[in-house]
Amino acid sequence: MKRMIYRVKRLDPPEVLLDKKVGKYRILILNYGTHPCGYVGVPLDHPLAGIDYDNLGDLDIEVHGGLTFSAKGDGNIYPKNYWWYGWDYAHVGDYTGYDLILSIQLGGKKWTTKEIYQEALSVIEQIENIKNKEV
């Protein structure tokens, strides 16, 4: 697990802070420089695989700022054989690297890799609890 270091410029490609399998799921935490993002991958044979995060309906997954991403793994940034759900830490109240160039510091929360990992574990638990519901 690497430490999240905030930067003024966006990283392209993002830095992998954590890539870990948890049972049949996978957790990916990326540092985009200005902010981190968390992702949980579900296997492609999972009932939620292939469903856009906007189409989950009543199967809402609670995570910081809500889900903001879903896509099939591309083998580049997102490992293949998983459908990825993601969220970001660049909301009001979050610290971003852009704060480094502002004359007024906004005092947002600096998220750690460990805190994001804990949220990802919570997402996996929520997915496990809804996997048998009709999607």
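Conventions we followed
Residues numbered from 1 in each chain as written. Predicted model: local features only at pLDDT ≥ 70, side-chain atom pairs only at ≥ 80, totals over all residues. Heavy atoms only, no water. Phe/Tyr/Trp six-rings, centres within 6.5 Å; stacked < 30°, edge-to-face > 60°. Helix = DSSP H or I, 4+ residues; strand = E, 2+ residues; numbered from the N terminus. Buried < 20%, exposed > 50% of the residue type's maximum accessible area, 1.4 Å probe, protein only. Lys NZ or Arg CZ within 6 Å of the ring centre and 35° of its normal. Salt bridge = Lys/Arg side-chain N within 4 Å of Asp/Glu carboxyl O. Expected span 1.5 Å × (residues − 1). Contact = heavy atoms within 4.5 Å. Polar contact = N/O pair within 3.5 Å; in protein donor to acceptor, adjacent residues only side chain to side chain.

This part takes up the packing of aromatic side chains. In total, this model carries six aromatic pairs according to the counting rule given. Judged by centre distance (5.0 Å) and plane angle (85°), the rings of Y6 and Y95 are edge-to-face. Of this pair, Y6 sits in the segment before β1 (15-22) while Y95 sits in the loop between β5 (82-88) and α1 (113-130); the two residues are 89 residues apart in sequence, bridging distant segments of the chain. Side by side, Y6 and Y95 carry an identical accessibility label, which is buried. Here the aromatic rings of Y82 and W84 are separated by 5.6 Å at their centres, their planes lie at 50°, and the arrangement is tilted. Taken individually, Y82 and W84 each receive the classification buried, so the pair is uniform in this respect. Over the ring of W111 we find K109; its NZ or CZ atom is 4.8 Å from the centre of that ring. A cation over an aromatic ring shows up here: K110 above the ring of Y95, its NZ or CZ 4.6 Å from the ring centre.

Attention now goes to the pattern of salt bridges. According to the stated counting rule, one finds five salt bridges in the structure shown. Between E15 and R7 there is a salt bridge whose closest N-O contact spans 3.8 Å. When its relative accessible area of 23% is taken as the criterion, E15 is described as partly exposed. Here K24 ties to E128 by a salt bridge, and the two come within 4.0 Å at their closest N and O atoms. Here K24, found in the loop between β1 and β2 (25-31), pairs with E128, found in helix α1; they are 104 residues apart in sequence, far enough to count as distant. When salt bridges with common partners are traced through the structure, they connect K2, R7 and E15 into a single cluster.

Let's shift gears to α1. The end-to-end C-alpha separation of α1 is 26 Å, in line with the 26 Å expected for 18 residues at 1.5 Å each. Restricting attention to buried positions, one finds in α1 the residues T113, I116, Y117, A120, V123, I124, Q126, I127 and I130. Against β1, β2, β3 (36-43) and β5 lie the buried residues of α1.

Within the secondary structure, N31 sits in strand β2. A polar contact is formed between the side chain of N31 and the backbone oxygen of I5, at a distance of 3.1 Å. Polar side-chain contacts of N31 include one of 2.5 Å to the backbone nitrogen of G33. When sequence neighbours within four positions are dropped, the list of residues in contact with N31 reads M4, I5, R7, L11, P14, E15, L17 and P36.

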